[in-house]
Each structure stands twice: as C-alpha cells, then as structure tokens.
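Okay, here's what each chain looks like letter by letter:
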Amino acid sequence: MTCKLQNDGLLEVISFEANHNHDLAPTPMKHMLRSNRKMSIAQKAIADDAEKAGLPIKSVINLLAVQNGGRENNGFLDTDYYNYIDSQRRAKLIKGDGQAIMDCFQKAQSDDPSFFYSMQLDDDDLIMNMFWADSRSIVDYKYFGDVVCFDTTYRINKYGRPFAPFVGVNHLKETIIFGAALLYDETITSFKWLFDTFLKAMAGKHPKTILTDQSAAMARAIEEVFTETHHRLCVWHIYQNAAKHLSHVFHASNQFASDFGSCVYDYEDEDEWYEAWDSMLKKHKLENNEWLHGIFIEREKWAMVYGRYMFTADMKSTQRSESMNNVLKKYLKRKHNMVYFFEHYGRLVVDRRYKELLSEFKMRDTRPKLRADVEMLRQAAEIYTPKVFVMFQEEYLKVWDCTIDKTSKIEVQVVYKVRYAGRGTEHQVQFHLSSQGVECSCRKFDFVGILCAHALKVLDKKNIKHIPKQYILKRWTKDAKDGQISSSTQVQGGSKDLIGKRYLNLNYNFREISTLGAENDTMYEHTVGVLSNLLKDLQEMKKSTHGGTSDEALCSKDEQDYPIVAGVKTKATVGRPKGRMKGALERGKNHKSQTKPQGKKVKTSSSQQVYSNPEVNGQNSQVVIEQYESQSSITRPTGYIHEEHFDLTIHSNNMSYTQLLQEAIANSHYDDPKV
C-alpha cells in the first residue's frame, strides 16, 4: 500500500496490492504473532528470581497467567519463557565456569560488603580450592564458634569435588553454618590452605573444639593450623569403622558392643579406662588387632574419659554436618553446574536462617512447661532457650533419685559422693563454701555447659535455690546474641534485581486499585483516567531520564570487569590408560626431556591465591592476587619416594599414579623392587 500525505494532514491511498496481504489474526490469537511476543524487563526479573528459588518453570508461567488474567495477556508464549531461561543459563557460563564463579562472588560482595571469599589457583589460573562466608556466618561464628563440625563426605556430582561446610550449633540447639568450601582434593596441602583461610575470615579466632571424621591428612592440618583447638573424632564414625574391621566379633557376641561402648562413654578415671580397655582385648582375644591398636593411639580424640575436659556443646559426632549434606541434596540436582550450586546453596542458607527466626519467635512468644514448680526451674525457664531448658530440667529431676554422702571437709571445701539410683557409679563432687562453686567428676558442665544432677544434688543439700551465675553459660541463654535480631527491609542488588522487586510491589498496589476501581462505573472511569495520565507521565520521564537507553543497556551498566579466572580444575582420571603403556626406554627415546641429570628439578609448581574481603584487604570490593612458590619439586630419587611428592606432582602435572610412578622410575637408576 502506497500513501501520500495531504496538505490537510490526512493520508491518501495511492495504490494497494491485495495479493501481498492476508487476513488479520483474530483477537484471541494476536498475542501469538512474533511482533507481539516479548517478555518485559519486569517479567524477566521475576523469571530470574523464580529460577534462583528453584521453582518449576510451568508453575511460574501459570502464576503470571493468573496475575495477568490469562495466558493471552502474558505477552509471550510458553516457548519464549523456556528459551529465555535457557539463554540465561548459557549466558552465565559464556565466560567459563571459573569466571562465572568469580562473578557470583563479586555480586555477593556488592550485596553484602562483609562477604568473604578466597580462591586458590594453579599455574594455569584454574581454581583448585575455594572458601566463602557471608556476614551473617561471620557474626554467628563470633557468638557460637566455640565448637565446629567439619565434614567432607558430600560431593558435587559434576565435578567430584569434596564439599566442606563448617557448621556449629546455636543457642537454640539448631545447626548453623559458619562457611563452606569446595576442595580439589583431601590432601594436607588443601586442608592447611582451607583452615588458614577460615581463620582469616573469622579474624583469627580459633574454635575451642573441632569435630571431624578420621582422616590422617585432616588431622595433621588441624594440628599445624588450629594450634589452640582440641580435635575430637566423630564417635559415630568410630563405631562404623569398628563394625567394619571387627565384624566377626560384633556378630559373634553382643557383649563386645557393650564393652566397646563403655570404653567410649563411661569412664571418668584414666586408670580405670586403661583397665577396661585391656580387659576388653583379653576377653575377646583382640590383643594383636591392628585396627584397635591404631585407634588406641588416638584415644584422646574419641574416648570420653579425655573429652570430659573439652567443651563440645553436647555434640559427639559430625552428625550435624552430615544432616546438612542430606538437606543439601533436596536443593541440588545432578545436572547443576558450579554456578547453580552456589545459588541453590544460598537458598539452603536462607531457609535455615528463616527456620531459626521462627524458633526465636516461638521461644519469645511461649513459656516452657515446668514438670515441677520449684524456684530453680522457674529461673532456668526464664534464662535458657527451650531445648537447653529441657536438658536442664531432665538433670534436675534426677536429683530426687540421687543419694549423697559427705566424705571429707578441708577448710572451705567439702567433698561429697553422689550416686544415681540404679547405677553403681559414684561421682565425687567438691563444693567450695566461699564461692558456692561446685565441681563434679563427671564434668558435664565442662563439655555440655549445664550442671549435672550430681552437682545440683549438692546445691540442693546446701539450700541453694538458684543457679550460681558462674554456671550459666551465655551461649545457651535467650540473650546469647544480646537480644538483637538484625534485619533489613532495604532492597539490595543490581538494577535488574531491583526492577523485579519493584514490579512485585507495584503489582500488589495495583491489585488494590483494580479492586476498588471496578466497583462501579464512576470509580472505574476515574481509575482509567488517572492511570492513562500516569502512563503518559512515566513514558515522558523515561525519555528525559534515560535518553532513550533500553532497559537491558541500563542493567548492563552494573556489570564490572573482574580478574579473569581460566576455569575450574578437574581431576585426572585414574585408571586403565587409553592405548598401550610405553616402557621407560621407549619414552626415553621419544621424550628426551624426561631424562634429567641427577639431582635437577623436573618441575617446580606455583599457585596463586585470589582473596577478597574488605575488612582484611583494607579496600572495599577489591581482589588481591598473591603469587607464591610452593615447596613441591620432584628430584631424582636417592631413596624411597615420599608420599607428599606424589600429591604435589599430581596437583601440577595432572598425572595418574601409574604414570607418575613410571616417570619417577624412569628418572632414577634404581633397580630395587621396593621403588
């Protein structure tokens, strides 16, 4: 169709070709035309938020349809939504998974200036190890970081990396997260880097106790880094390993399980424990068992006779870490890459903290039920959190079944012997008259933080009706965090995130407007007129403010250039090689570089550390990259090949053990079969 503009401002049709036209799309179908299909910036922001929340795509489309009065009013087809989500997923990894992770950390730090992260890179700028903790985790560690559980049993399927969360227990006896790490491997080098980084994030504060599973590399790293910390082994893992290595004894007699359990939990005197251990070995003919000999060497890390002097917040295993891993499986899927791991791990943290908030509200809104109306329990109900009060009340109720005998008195100190009904064990309790201090041989207060029934029996005999102040551990009280619940209603994030949140707020307000405006014709006409004028005003404001810049371009202004990370280091496949393995002589002919003069280094590896935290660096949102030379090098063997050389060479060369052995042998003149 050709038109000509007339002097009066009207258009005159000059020519028209009907064959080049088609019927107009019916009204119910007009939204399906390609020219009419477009997701708005607000709808894209909502789609991004739904993706972060792990909501199914179909559910989000249905929700938008309900909000807009039908799918035809969404402005796009279901296919357009699926395509957008797919493009966003691919866009996150367009720079590579390593740089995508760096972007995730940078964004987290822009939203939370106290967010801490650290990465260790190898020579090729590939990520080996990484650790991160947000500001809430760092604050929680300040209050409840006296005991830490550390476990590495969970792995990301796609990368096979150990996931290592640092978890603890708060005043409500609920699991809290102090930080998390993804490790390349479980060697001494990786653990030492992680523990050093953890201390940097937590301002150098060492935990009093750390609970882990049995790992020689982990134990050595803890000994070298956490110099002020008691190391305890998970009792559950001890039992599992005992059932594995001593299955013939476990199945033959139930008595062994009872004897072994007594050695783990029951004894208060070290000499009595030694006697019980020797008796168990002789009774079940296990004097020469290697596994029992090995755990005997580490007895101070798992036997309760030694653990009574270490505060563990009533934790005897890494169960809290393992339960966190089970919860994490509900948030992650096998197909998730590293970026989505961080996003959905963030969902887990948010949900756990909301659960803590609900428990905090319930604690302040209700009162615990007293099983006896006595002064000390009323005091305990006022100061202790609900679960801790239940623990204390159980101990107090045992007082009535305890018998007490005075054994001696030395100046201001009185010694009693207390026995619980039905048990033959006597507990020695010392009472100090001047300070009203009480010490029991079971030392429950030392490792749990509440008084035991034996000590309470002595206090009751002395007519002390209140818990002495020195035996009220603040970390178990309602005011453990000084009664402050920090919250913020301020919306933070990039432009695109803000648009989505503003859209939801406006959408809520306009629902109220629509509800009132539809009640009668007068209100409807007024609403339409006001909204029409409002729309014109907003369009003019957009032109004058943005100068015609698109929404997408405005959002992209928030993006910054960050240091480039090449990717995430993947592990070499250890197993049968592809093709024939060449002998040492053949490889020597083809690769002359492998034959080195004796004593000369083959390769010296170096690594980098990407490390960011405004409080540590002294610069806000800065990244510091430090180069340092490691001590790992392979020299021609002059004796046995040390195990550390194998680990460090695999870090740098990505070799399998078989290939490494062949190279080491090829570079030596040893004929000794031990090599």
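All figures in this text were calculated on a predicted structure; none of them were measured in a lab.

J.: Hey, could you go over the packing of aromatic side chains for me, with residue numbers and the actual values?
T.: Where two aromatic rings form a pair, the distance of their centres and the angle of their planes describe that pair. Overall, the coordinates contain 37 aromatic pairs when judged by the stated rule. When the centroid spacing of 6.4 Å and the interplanar angle of 40° are considered together, the rings of Phe115 and Tyr117 count as tilted. There is no split in this pair, since Phe115 and Tyr117 are both buried. These aromatic residues form a ring-pair network of at least three members: Phe116, Phe131, Tyr141, Phe150, Phe166, Phe178, Phe191, Phe195, Phe198 and Phe226. Over the aromatic face of Phe311 sits the side chain of Lys208, whose NZ or CZ is 5.9 Å from the ring centroid.

J.: Outline the UniProt feature "domain: SWIM-type" (unreviewed entry) in the chain, listing residues and values.
T.: Mapped onto this numbering, the UniProt entry annotates "domain: SWIM-type" (unreviewed entry) at residues 427-463. As a span, residues 427-463 carries 35% helix and 27% strand, and end to end its C-alpha atoms are 20 Å apart.

J.: So what's going on with helix α11 (residues 270-283)? Which residues, and what values?
T.: In a regular helix each residue adds 1.5 Å, so 14 residues correspond to 20 Å; α11 covers 20 Å between its end C-alpha atoms and thus fits that length. Looking only at α11, the buried set comprises Trp273, Ala276, Trp277, Met280 and Leu281. Buried residues of α11, seen end-on, are gathered within an arc of 135° and therefore sit on one face of the element. Facing away from the buried side of α11 by over 90 degrees, the exposed positions are Asp271, Glu275 and Lys282.

J.: Account for the pairing of strand β5 (residues 147-150), naming residues and giving values.
T.: Burial of β5 is two-sided: the residues Val147 and Cys149 facing one way and the residues Val148 and Phe150 facing the other way are all buried. Strand direction decides the pairing type here: β5 and strand β9 (residues 209-212), joined by three bridges, are parallel. Bridging across to β9, Val147 finds its partner in Thr209. The pairing of β5 with strand β7 (residues 162-169) spans two bridges and is antiparallel. Within the sheet, the bridge partner assigned to Phe150 lies in β7 and is Phe166.

J.: Mind laying out a positive patch on the surface, listing which residues take part and the relevant values?
T.: A cluster of basic side chains, namely Lys406, Lys409, Lys461 and Lys462, defines a positive patch on the protein surface. For Lys461, the position within the fold is in helix α19 (residues 453-461). Look at Lys461 and you get partly exposed, because its relative accessible area is 47%.

J.: How would you explain the packing of helix α10 (residues 254-265) against α11 if you had to name every residue and give the values?
T.: Helix-helix packing is described using two parameters, namely the angle between the two axes and the distance between the axes. Running from N to C, α10 and α11 point in directions that differ by 160°, and their axes come no closer than 10 Å. Relative to α11, the element α10 lies roughly antiparallel. Taken as a pair, α10 and α11 cross one another with a handedness that is left-handed. In contact with Gln255, Phe256, Asp259, Phe260 and Cys263 of α10, α11 contributes Trp273, Ala276, Trp277, Met280 and Lys283. Across the contact of α10 with α11, the residue classes tally to seven nonpolar, one polar and two charged.

J.: Just give me the short version of the nonpolar core, but keep the residues and values in it.
T.: Ile101, Phe105, Met130, Trp132, Phe342, Tyr384 and Val438 are the most contacted members of the largest nonpolar core, which totals 68 residues. With sequence-adjacent residues up to four places away left out, Tyr384 is seen in contact with Phe389, Phe392, Ile450, Ile467, Tyr471, Ile472, Trp476, Thr477 and Lys478. Phe150, Phe195, Ala201 and Ala221 belong to the second-largest nonpolar core, a separate cluster that totals 29 residues.

J.: Lay out the pattern of salt bridges in plain terms, naming residues and giving numbers.
T.: Scanning the entire structure with this criterion turns up 24 salt bridges. Residue Asp80 pairs with Arg37 through a salt bridge whose shortest N-O separation is 2.8 Å. Within this pair, whereas Asp80 is found in helix α3 (residues 78-92), its partner Arg37 is found in the loop between β2 (11-15) and α1 (41-52), the two being separated by 43 residues in sequence. Judged by its relative accessible area of 17%, Asp80 is buried. According to the relative accessible area criterion, Arg37 is partly exposed, its value standing at 24%. Its salt-bridge partner being Arg419, residue Glu426 comes within 2.6 Å of it at the nearest N-O pair.

J.: Account for the pairing of β2, naming residues and giving values.
T.: Inspection of the sheet shows strand β1 (residues 2-5) paired to β2 by four bridges, in the antiparallel sense. Across the sheet, residue Lys4 finds its bridge partner in β2, namely Glu12. Between the end of β1 and the start of β2, which pair antiparallel, lie five residues, with Gly9 showing a positive phi angle near 90°.

J.: For the sheet that holds strand β13 (residues 426-432), give the residues involved together with the corresponding values.
T.: A sheet is described by the order of its strands in space; here four strands give the open sequence β11-β12-β13-β14, paired in antiparallel fashion. Taken across any chain shown, the strands that pair with only one partner, and hence form the sheet edges, are β11 (402-410) and β14 (437-440). Neighbour to neighbour, the strand axes of the sheet diverge by 25° on average, direction disregarded. Relative to the sheet, α19 contacts β11, β12 (413-420), β13 and β14, its axis offset from that of β13 by approximately 45°.

Rules behind the numbers
Along each chain, residue indices are assigned from 1 in the same order as the chain's sequence is written. In keeping with the model being predicted, local features are shown solely for residues with a pLDDT of at least 70 and side-chain atom pairs are shown and tallied solely at 80 or more, while totals for entire chains, interfaces and linings include all residues. Think of the side-chain values as coming from all heavy atoms in the structure, minus any hydrogens and water. Ring pairs are drawn from Phe, Tyr and Trp, using the six-membered ring of Trp, whenever the two centres fall within 6.5 Å, and their geometry is named by plane angle: stacked under 30 degrees, edge-to-face over 60, tilted for the rest. Three labels apply to residues, based on accessible area from a 1.4 Å probe with only protein chains included: buried if under 20% of the type maximum, exposed if over 50%, partly exposed otherwise in between. We count a charge as sitting over a ring when the NZ of a lysine or the CZ of an arginine lies within 6 Å of the ring centre and within 35 degrees of the ring normal. UniProt positions are given in the numbering used here, feature names are shortened, and annotations may be inferred rather than shown by experiment. Think of it this way: any DSSP run of H or I at least four residues long counts as a helix, any run of E at least two long counts as a strand, and we number them from the N terminus. A helix is expected to reach a length of 1.5 Å times the quantity of its residues less one. Within this analysis, the arc is defined by the directions that extend from the helix axis to the C-beta atoms. DSSP calls a pair of strands paired once it identifies at least 2 bridges connecting them. Each patch is assembled from residues with relative accessible area greater than 30% and no salt bridge, linking like charges that lie within 9 Å and nonpolar side chains (Val, Leu, Ile, Met, Phe, Trp, Tyr) that lie within 5 Å. For accessible areas, the Shrake-Rupley method is used with a probe of radius 1.4 Å. Any residue's cover is judged against the shown protein chains and nothing else. The salt bridge definition used is simple: a Lys or Arg side-chain nitrogen within 4 Å of an Asp or Glu carboxyl oxygen. When charges are counted, Lys and Arg are positive and Asp and Glu negative, with His and the chain ends excluded. Where a charge lies is defined by one atom per residue type: Lys uses NZ, Arg uses CZ, Asp uses CG and Glu uses CD. Every angle, taken between N-to-C directions, lies between 0 and 180 degrees, and every axis is a line fitted to C-alpha atoms, over only the stretch in contact when it is a helix. Working rule for angles: under 35 degrees goes down as roughly parallel, over 145 as roughly antiparallel, 65 to 115 as roughly perpendicular, anything else as oblique. Crossing handedness: left-handed means the near helix sits turned counterclockwise from the far one by under a right angle, and right-handed means the same turn made clockwise. Here a residue-residue contact requires only that any non-hydrogen atoms of the pair lie within 4.5 Å. Only Asp, Glu, Lys and Arg are considered charged, only Ala, Val, Leu, Ile, Met, Phe, Trp, Tyr, Cys and Pro nonpolar, and every remaining residue, Gly among them, polar. Residue types Ala, Val, Leu, Ile, Met, Phe, Trp, Tyr and Cys, when buried and joined through side-chain atoms within 4.5 Å, form a set referred to as a nonpolar core.

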